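Coordinate inspection notes
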Amino acid sequence: MTRLEPMTQARYDTWLAATIREYAAEKVAAGNYAEEGSLERSKGEFDALLPQGLHTPGHEIRSMVDDDGRAVGYVWFTIEDRPQGRVVFIYDIAVDPEYRRRGHAQAALLQVEAYAREHGCMGVMLHVFGHNTGARQLYAKAGYEETNVIMLKRVDR
Ligand SMILES: CC(C)(COP(=O)(O)OP(=O)(O)OC[C@H]1O[C@@H](n2cnc3c(N)ncnc32)[C@H](O)[C@@H]1OP(=O)(O)O)[C@@H](O)C(=O)NCCC(=O)NCCS
């Protein structure tokens, strides 16, 4: 059984540093940030979003812990008011590569659902890129429905 536990400060520090780097790289690749200064900009966004780090009110940053007590992944979520109503919004969910396809993410999603019920939310919402087929299959299997789809047809130039 996968448990969700508060993330330790040491794991948070490692996670945040990696996440800031990945976010900066994604923004540069997407053309939103110039390469120069991208790390500082990314760090600035995370500082604004999580001003008190792990203890930022309203943000739940949990480790997924397996039966042997190993931290195998994490999930980060908040409660937000969206047009559909009050929801738990998952900012990020990931399982370390060596622990994938063992049901950890599916079990974590069920616990986030329980949190949503306990907090009077109408559902759980998240964003996923179209190319992330593994994650999309996970969400489809867990009963999530698509609410917005942005489509692109490439043309020859
Ligand atoms: C997406 C992710 C969180 C799934 O974690 P996981 O613990 O491996 O997922 P589970 O074992 O709970 O998978 C449950 C079901 O989802 C589907 N699924 C999960 N990963 C899949 C993949 N890579 N390809 C196809 N189906 C997949 C399967 O139906 C799977 O059931 P099965 O293993 O019995 O076939 C993990 O691959 C990951 O960390 N990816 C990188 C980060 C990421 O993309 N996060 C999502 C951001 S929106």
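Structure: above.
Here goes a summary of the coordinates provided. The residue numbering used here restarts from 1 in each chain and proceeds along that chain's sequence as written. Local features are withheld for residues below a pLDDT of 70 in this predicted model, meaning they are given only at 70 or higher, and side-chain atom pairs are given and counted only at 80 or more; totals for whole chains, interfaces and linings count all residues.

**Let's talk about the overall build of the protein**
Every helix listed is a DSSP run of H or I at least four residues long, and every strand listed is a run of E at least two residues long, numbered separately from the N terminus. Scanning the protein from N- to C-terminus turns up four helices and five strands. For the protein, the succession of helices and strands along the chain, N to C, is β-α-α-β-β-β-α-β-α. Taking 157 residues into account, the globule formula puts the C-alpha radius of gyration at 15 Å, and the protein, at 17 Å, falls close to it. For the protein, the spread of C-alpha atoms along the three principal axes comes to 50 × 35 × 35 Å. Around each residue's C-beta, the other C-beta atoms within 10 Å are counted; 20 or more make the residue buried, 12 or fewer make it exposed, and counts in between make it partly exposed. All C-beta atoms are placed from the backbone. Here the protein holds 157 residues, and the buried ones make up 20% of them. Radius of gyration here uses only the C-alpha atoms, and the compact-globule reference equals 2.2 Å multiplied by the residue count raised to the power 0.38.

**Remarks on the site of the ligand**
Around the ligand, a shell composed of 18 residues is seen, among which Arg-100, Ala-105, Gln-106, Gly-134 and Leu-138 lie nearest. Breaking the shell around the ligand down by element, the ones donating at least two residues are strand 4 (85-95), helix 3 (104-118) and helix 4 (133-141). Per-element accounting of the shell around the ligand gives the leading share, five residues, to helix 4. Throughout this entry, Asp, Glu, Lys and Arg are counted as charged residues, while Ala, Val, Leu, Ile, Met, Phe, Trp, Tyr, Cys and Pro are counted as nonpolar. The remaining residues, Gly among them, count as polar. Looking at side-chain class alone, the shell around the ligand contains eight nonpolar, six polar and four charged residues. To decide whether a residue is near a molecule or strand, its C-beta atom is placed from the backbone and checked for lying within 6 Å of it.

**What to know about the sheet that holds strand 4**
Only strands that DSSP links by at least two bridges are regarded as paired with each other. In spatial order, the strands read 1-2-3-4-5; together these five strands make up an open sheet with mixed pairing. Sheet topology places strand 1 (3-6) and strand 5 (123-126) at the edges, where each strand pairs with a single neighbour. In this sheet, adjacent strand axes meet at a mean angle of 40 degrees when their direction is disregarded. Looking at chain direction, strand 2 (residues 59-65) and strand 3 (residues 71-82) are connected through seven bridges and run antiparallel. Bridge pairing links Val-65 to Ala-71 in strand 3. Once C-beta atoms have been placed from the backbone, residue pairs whose C-beta atoms lie within 7 Å are recorded as contacts. Simply put, an axis is a line fit to the C-alpha atoms, just over the touching stretch for a helix, and the angle between two N-to-C directions goes from 0 to 180 degrees. In this fold helix 3 packs onto strand 1, strand 2, strand 3, strand 4 and strand 5, with an angle of close to 160 degrees to the strand it touches most, strand 4.

**Comments concerning the pairing of strand 3**
Adjacent in sequence and paired antiparallel, strand 2 and strand 3 are bridged by five residues, among which Gly-69 carries a positive phi angle near 80 degrees. Examined bridge by bridge, strand 3 and strand 4 share 10 bridges and lie antiparallel to one another. From the neighbouring strand, Arg-82 faces strand 4, where its bridge partner is Gly-85. A loop of two residues connects strand 3 with strand 4, the two strands running antiparallel in sequence.

**Considering the packing of helix 1 (residues 9-29) against helix 2 (residues 38-49)**
With their axes 8 Å apart at the nearest point, helix 1 and helix 2 run at an angle of 120 degrees to one another. When the axis of helix 1 is compared with that of helix 2, the two are oblique. When the axes of helix 1 and helix 2 are compared, the crossing they make is right-handed. Where helix 1 abuts helix 2, its residues Leu-16, Ile-20, Arg-21, Tyr-23, Ala-24, Lys-27 and Val-28 lie against Ser-38, Leu-39, Arg-41, Ser-42, Lys-43 and Phe-46. Considering only residue class, the contact of helix 1 with helix 2 consists of seven nonpolar, two polar and four charged. For this classification, under 35 degrees means roughly parallel, over 145 means roughly antiparallel, 65 to 115 means roughly perpendicular, and everything else is oblique. Should the near helix be turned counterclockwise from the far one by less than a right angle, the crossing is left-handed, whereas a clockwise turn marks it as right-handed.

**What to know about the pairing of strand 5**
Relative to strand 5, strand 4 runs parallel, the two being bridged by four bridges. Of the residues in strand 5, the one forming a bridge with Val-87 is Gly-123.

**Quick look at the environment of His-104**
Within the element layout of this structure, His-104 appears in helix 3. What makes His-104 buried here is the crowd of 21 C-beta atoms within 10 Å. Taking C-alpha positions, His-104 is 9.4 Å from Ala-94, a pair spaced 10 residues apart along the chain. Setting aside residues no more than four positions away along its own chain, His-104 makes contact with Thr-2, Met-64, Asp-66, Val-72, Gly-73, Val-95 and Tyr-99.

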